[in-house]
Amino acid sequence: MNFATVGTQSFVIDTGTNISGTPLYDFAEHNGNLFLGLQGVNNVYEFSNGSLVQSIPIPTSFGPRGIAFVGNDLFVADRSSANIYELSPAVGAPEPGTYGLALLGGFALAALRSIRQGKLG
Amino acid sequence: MNAASTQCVAHYPCVSGECRCYAQQVTNKGVLTSDTKYHDAYVGHIFSYARVFLSAPFTLTNTISLPGVDIKNIASDGTHLLVLGNVYQNDPIGIYTTSGQLLQTYQTGLALGALAWTGSNVVALEAGANPDLVYRISLPTGPSSGPFGVGPFFYPSGLGFDGSDLLLLTMPKARPAS
């Protein structure tokens, strides 16, 4: 999937996500991050500098039809139910960012263990 | 860290035996996401690199029900929700408060697919023409200007604005010439 400028198309941002055969629905930008919704996938994916930083579960029935921010709250439209869901970031959550070795060891090992056990994917 | 709660949320395709997987774990400190590269012949044995991201988790705090509205897309002007409905050849844009109160409706007279807010106007996408078209609409009462041809793109489906450029979400495959 690509994310391109229109008019004189100047560049294309490839999100790097490969979800085969999944058409796109909508996206929003917030605090420099990209929030992406896919048809048939009940998540909103958050990207930072081209890297996925989280997958946010949404109670839609066929994926987020529309994504928008008002302030820091995320609004996601579900066409099937005619609902718009409001999601708020956790109060007191740490600043988003990329963290290094302090967190890397345990989590990488946890991921490694899960890959070995066939739990990933 | 609890490995049992770790799950892969997205994959990169493997290239020359190198694979990447994003694994995610929700903790009381936020959402941890690891960007992990490994070799498909030695799963779990070779990590070329791994990065960990932390972002704020989102929780559902409110549900706005709009019975009778066939919602095609939404956008925001920073204060209100702009809801694109589906009425044949005359899609309405409803201006709602974030609690779901309808303030005003603008009948576009168009068959639209997506909205974006530029800071002063709405830009609306009419996909499917060749080229695809966008319109600029002054809310709440108009007028609209355009159409402006863009693309053509392959299944364009989302619009955005980054402060200077219009952004369009589309599939990577080029549309065949008609």
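Residues numbered from 1 in each chain as written. Chains lettered and ligands numbered in written order. Predicted model: local features only at pLDDT ≥ 70, side-chain atom pairs only at ≥ 80, totals over all residues. Heavy atoms only, no water.

A. View of the overall build of chain A. For chain A, the helix and strand inventory stands at one helix and ten strands. In chain A, the succession of α and β elements from N to C terminus is β-β-β-β-β-β-β-β-β-β-α. The proportion of buried residues among the 121 residues of chain A is 55%. The contacts in chain A between residues at least 6 apart in sequence include a share of 23% that link residues at least 24 apart. When the accessible surface of chain A is split by element, carbon and sulfur atoms take 50% of a total near 5,100 Å². (Helix = DSSP H or I, 4+ residues; strand = E, 2+ residues; numbered from the N terminus. Buried < 20%, exposed > 50% of the residue type's maximum accessible area, 1.4 Å probe, protein only. Contact = heavy atoms within 4.5 Å. Areas by Shrake-Rupley, 256 points an atom, 1.4 Å probe, with all protein chains shown as cover.)

B. Spotlight on the pattern of salt bridges. Under the counting rule described, the total for this entry stands at two salt bridges over all chains. We note a salt bridge from Arg79 of chain A to Asp70 of chain B, for which the minimum N-O separation is 2.5 Å. Taken together, the residues span two chains, with Arg79 of chain A in the loop between β8 (73-78) and β9 (83-89) and Asp70 of chain B in the loop between β5 (58-65) and β6 (73-76). (Salt bridge = Lys/Arg side-chain N within 4 Å of Asp/Glu carboxyl O.)

C. Local environment of unusual backbone geometry. Here the amide bond leading from Leu139 of chain B into Pro140 of chain B is cis, since omega sits at 10°, within 30 degrees of zero. Counting through the fold element by element, Pro140 of chain B comes out in the loop between β12 (132-137) and β13 (144-150). The step from Gly142 of chain B to Pro143 of chain B runs through a cis peptide bond, and the omega angle for that step is 5°. Inspection of the secondary structure assignment puts Pro143 of chain B in the loop between β12 and β13. Phi is positive for Asn31 of chain A, close to 50°, though the residue is something other than glycine.

D. Spatial organisation of the nonpolar core. If you look at the biggest cluster of nonpolar residues, it comprises 16 residues, and the most contacted ones within it are Phe27, Leu36, Leu38, Tyr45 and Phe47 of chain A. Elements that contribute at least two residues to this core include exactly β3 (24-30), β4 (33-38), β5 (41-48) and β6 (51-57) of chain A together with β15 (166-171) of chain B. Formed by 15 residues, the second largest nonpolar core is a distinct cluster that contains Ala75, Leu82, Ile93 and Leu139 of chain B. (Core = buried A, V, L, I, M, F, W, Y, C linked by side-chain atoms within 4.5 Å.)

E. Expanded view of the pairing of β6 of chain B. Residue and element names in this part refer to chain B. Here β6 shows no split at all, with Asn73 and Ala75 on one side and Ile74 and Ser76 on the other all buried. Here β6 runs beside strand β7 (residues 81-84); their pairing, made up of four bridges, is antiparallel. Pairing of Asn73 across the sheet is with Leu84, part of β7. Following β6, the chain reverses through four residues before pairing antiparallel with β7; Gly78 in that reversal takes a positive phi of roughly 100°. (Pairing = 2+ DSSP bridges.)

F. Representation of the confidence of the model for chain A in the model. Per-residue confidence for chain A gives a mean pLDDT of 70; residues scoring 70 or more make up 56%. Scored below 50 in pLDDT, residues 1-10 of chain A makes 42 contacts in the model with residues more than four places away or belonging to other chains. (pLDDT = per-residue confidence, 0-100.)

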